[in-house]
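Examining the three-dimensional arrangement
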Amino acid sequence: MIFLNLYVQFRAMDSKLTLKLDNGVIERAKMYAKEQKISLSKLIENYLDALTKGNAGKAEVSPLVESLTGVVKLKEGAEKRKYIDYLSNKYN
């Protein structure tokens, strides 16, 4: 276990935050941040910001996906019910 010191910017002021994290988590987070071309501090700040705003887990629907919504029409009846049950089981 090592300590990770972060400098997090809140509006016009910087604040220091010390976190105690597993070494492996820190290394993977550093690699991910590097791949995304973002600092680790900014990555964590963005995550905490989204989490505390209640946006975590709520993905925006792209215009392309929105345009495709409802394209596939299913027949009423047993086939539609089976498909709805399948999706319900898959995602719940």
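Above: the structure in question.
The rules behind these values
Residues numbered from 1 in each chain as written. Predicted model: local features only at pLDDT ≥ 70, side-chain atom pairs only at ≥ 80, totals over all residues. Heavy atoms only, no water. Salt bridge = Lys/Arg side-chain N within 4 Å of Asp/Glu carboxyl O. Helix = DSSP H or I, 4+ residues; strand = E, 2+ residues; numbered from the N terminus. Buried < 20%, exposed > 50% of the residue type's maximum accessible area, 1.4 Å probe, protein only.

This next bit is on the pattern of salt bridges. Across all of its chains, the model carries four salt bridges by this definition. The salt bridge involving Glu 27 is made with Lys 30; its shortest N-O contact spans 3.9 Å. With Glu 27 and Lys 30 both in helix 1 (residues 23–35) and three residues apart, this pair spans about one turn of that helix. Glu 27 gets classed as partly exposed once you look at its relative accessible area, which sits at 42%. One salt bridge in this structure joins Lys 42 and Glu 45, with 3.8 Å as the shortest N-O distance. With Lys 42 and Glu 45 both in helix 2 (residues 40–53) and three residues apart, the pair spans about one turn of that helix. Given the relative accessible area of 37%, Lys 42 is considered partly exposed.

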